[in-house]
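One-letter residues, chain by chain:
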Amino acid sequence: MCGIVGYVGRRNAVPILVQALKDLEYRGYDSAGIAVLAPESNRLVIVKREGKIARLEAALAEAGIPDANLGIGHTRWATHGRPADHNAHPHTSCHGEVVVIHNGIVENYAELRAELVSRGHRFASETDTETVAHLMEEQLAEGHSLLDALRLVAGRLEGSQAIVAASPREPNALVAARVGNAGGIVIGFGEGESFLASDLPALLPHTRRVVFLEDGQFARVSADDVLVVGRDGARLEIPVHEVALDPSSALKGPYPHFMLKEMLEQPEAISDTIRSLVTFEPPTLHLDDVPISPERLRQVQRVVLIGMGTSLHAAMVGRQFVEQIARLPAEADNASEFRHREPVIDARTLVVSVTQSGETVDVLEAMAVAARAGALQITVCNTEGSQATRLADGTVYTRAGVERCVASTKCFTTALAALYGLALWLGHIRGVLDSGELQHHLSELMRVPDACARALELRPAAQRLAAELASTASMLYLGRGLAYPVAMEGALKMKEVSYIHAEGYAAGEMKHGPIALIEPSVPTVAVAPKHALRSKMAANVEQVRARGGRVIAVVTEGDEELIRLADAALPVPEVSRLAEPIVAVVPLQLLAYETAVARGCDVDQPRNLAKTVTVE
Ligand code: M6R
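What you see is a predicted model, and the numbers here were worked out from it, not measured in a lab. (Residues numbered from 1 in each chain as written. Predicted model: local features only at pLDDT ≥ 70, side-chain atom pairs only at ≥ 80, totals over all residues. Heavy atoms only, no water.)

Draft legend 1. Spatial organisation of the pattern of salt bridges. Enumeration according to the criterion identifies 34 salt bridges in this entry. Arg298 serves as the salt-bridge partner of Glu295, at 3.8 Å between the closest nitrogen and oxygen. Here Arg298 and Glu295 lie together in helix H8 (residues 294-298), a separation of three residues that amounts to about one turn. Ionic pairing is found between Glu444 and Arg447, a salt bridge with its closest N-O pair at 3.0 Å. Residues joined in a network through salt bridges with shared partners are Glu115, Arg119, Glu138 and Arg156. (Salt bridge = Lys/Arg side-chain N within 4 Å of Asp/Glu carboxyl O. Helix = DSSP H or I, 4+ residues; strand = E, 2+ residues; numbered from the N terminus.)

As structure tokens, then:
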């Protein structure tokens, strides 16, 4: 979850590192720090502060940090040790011989720390990371190179780690390690300079030529050279990728928040996603990044869709797409539950993972379980080159561009479009959907971007409702069928960004418990577009109103009956039944955003969260 950056070259590292940390601040933001190697003294200078990057910048200005050609930086999401200056990364060793930044958890750190203390090491923080610096210093003292020191120490660490380290002993290089799935390490190649980062957005302003380290790979990175070795120290030849992401898509521009910008980008992002899967005249599907033969696909007897958070909600919609379009038994599961449950899967199971980042550890571990069982795997992912895309047999890319707000919006709607396309493809290949039906679905899907653009016009209505909701303590979200996961997603968005307690339920469940919560101060959001069991939803609305509850209903434009029945309505344009969830979620995103703004919340970086969750 933490953000990692490194620079070695001919320019001053400090502004490059600070900007890269800002680009990665969505990964964690409870503290930040940088370390540079001062060229004249060949001494490590470390500045770190609890709080956001702005506090670090002020501290850097005050400290008068020297210009340097090599440095590392970190933005933290605390696991071991509360957010505090002394727990912020980078961490160094007793004699200042090594400086380390880290993402992941050293699961046996208590044992290692006790061992180091018994050998006379003194610790300056409560973090697990600091043990790495001390252990590496011991290896350097025994005469090992910096890269070997990291490799040998990594062999002693339990758990998954991404580590970057530097030392005055090797003033022209950084070293990096990736062990397990705690997070990525990307190396970027510039002209006479090299970069390291946990994610692409930090590198895109400088280069698109990158190498992704795999589990068990270690790198020594200097201005003009990169050496990658395996666990045994043997040199590896690693392919250089040319990434296509447009760095400007990650800038906030005139918008007050990334969340608003990203919601407004949805029509284009959905359109780009559909276009990347469809060729026109006549409309047909081509999933270029899924090199799986039709014969192999026809062996599939069951589909399991997995994800976490918003991506789990997308998987829940995807499950219904697969059942209803491809007529295959399908289920959706929380990846972290799935992986520990000894699920019954085999080579006839298709596991579809949904993940914006492609680096969520629960998803990657669940994918590893699926791989061991011999399941076929497709990932629906927004991040080229991410670990999920490398583990799966094929990828359906969402073309959302970089999503910076911690709360996911455009990656949800583009994932739904991609899952719709995937279900159509499966159905067509398996012969349950003829070309005419496929073309009909595709033309319905192509109407979605315009419908979303019109749904975004509900912003003023959401703003008015937000003024009332701002003082609410608790909310219910109800939906049925394809609108049930949408209700869950609406509730997640509301709690994430506005800190209002919100729960999403299948509306049929209401009478079995949640109805006890209904009272005038607990508003209910009923997601009731035309095709999602609308008349049963109308009955739910009546039941809530009969108990003094207030109802905000997401309805299809022209549904005057429901508009009259509810206290407030957010009418969305009519689309086909299967496309409805993509459009119906838009007013819920707007409602969460405007409520968070009305409450003065930190919309893009809500408390306690991180964009990419790389620890369990
Ligand atoms: O990168 P992923 O899609 O795998 O991330 C999964 C969740 O962590 C993510 O969707 C999270 O729930 C978002 N903050 C929701 O807005």
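Back to the text.
Draft legend 2. Structural context of helix H17 (residues 483-498). Its 16 residues place the ends of H17 22 Å apart at the C-alpha level, agreeing with the 22 Å of an ideal helix rising 1.5 Å per residue. A large share of H17 lies buried, amounting to 13 of its 16 residues. (Expected span 1.5 Å × (residues − 1). Buried < 20%, exposed > 50% of the residue type's maximum accessible area, 1.4 Å probe, protein only.)

Draft legend 3. Spatial organisation of the pairing of strand S6 (residues 99-104). Burial analysis of S6 places six of its six residues in the buried class, the great majority of the element. With antiparallel pairing between neighbouring strands as the criterion, strand S5 (residues 91-92) and S6 make up a hairpin whose turn holds six residues, including Gly96 at a positive phi of roughly 65°. With six bridges joining them, S6 and strand S7 (residues 161-166) adopt antiparallel strand pairing. Directly across from Ile101, in S7, lies its bridge partner Val164. (Pairing = 2+ DSSP bridges.)

Draft legend 4. How the structure looks around the sheet that holds strand S8 (residues 173-179). The antiparallel open sheet is built from six strands, whose spatial order is S5-S6-S7-S8-S12-S13. Where the open sheet ends on each side, the last strands, each with one partner, are S5 and strand S13 (226-229). Pairing of S5 with S6 involves two bridges; the strand directions are antiparallel. Counterpart to Thr92 in the pairing with S6 is Val99.

Draft legend 5. Here's a closer look at the site of the ligand. With respect to spatial proximity, 13 residues lie near the ligand, and among them Ser311, Gln356, Ser357, Thr360 and Glu496 are the closest. Between an oxygen atom of the ligand and a main-chain N or O atom of Thr310, the distance comes to 3.2 Å. Between Glu496 and the ligand, the recorded distance is 2.5 Å, taken from a side-chain N or O atom to a nitrogen atom. With the chains in place, 91% of the 410 Å² that the ligand exposes on its own is no longer accessible. Breaking the shell around the ligand down by element, the ones donating at least two residues are helix H9 (309-326) and H17. At three residues, H9 tops the list of elements feeding residues into the shell around the ligand. For the shell around the ligand, the class distribution of residues is three nonpolar, eight polar and two charged. (Near = heavy atom within 4 Å. Polar contact = N/O pair within 3.5 Å; in protein donor to acceptor, adjacent residues only side chain to side chain. Areas by Shrake-Rupley, 256 points an atom, 1.4 Å probe, with all protein chains shown as cover. Nonpolar A, V, L, I, M, F, W, Y, C, P; charged D, E, K, R; others polar.)

Draft legend 6. Highlighting the packing of helix H3 (residues 109-118) against helix H4 (residues 129-141). Interaxial distance between H3 and H4 falls to 10 Å at its minimum, and their mutual angle equals 45°. Our classification of the angle between H3 and H4 gives oblique. As H3 runs across H4, the sense of the crossing is left-handed. Within the contact between the two elements, H3 uses Tyr109, Leu112, Arg113 and Leu116 and H4 uses Thr131, His134, Leu135 and Glu138. Residue classes in the contact of H3 with H4 are distributed as four nonpolar, two polar and two charged. (Axes fitted to C-alpha atoms, helices over the stretch in contact; angles between N-to-C directions. Parallel < 35°, antiparallel > 145°, perpendicular 65-115°, else oblique. Left-handed = near helix turned anticlockwise from the far one by under 90°. Contact = heavy atoms within 4.5 Å.)

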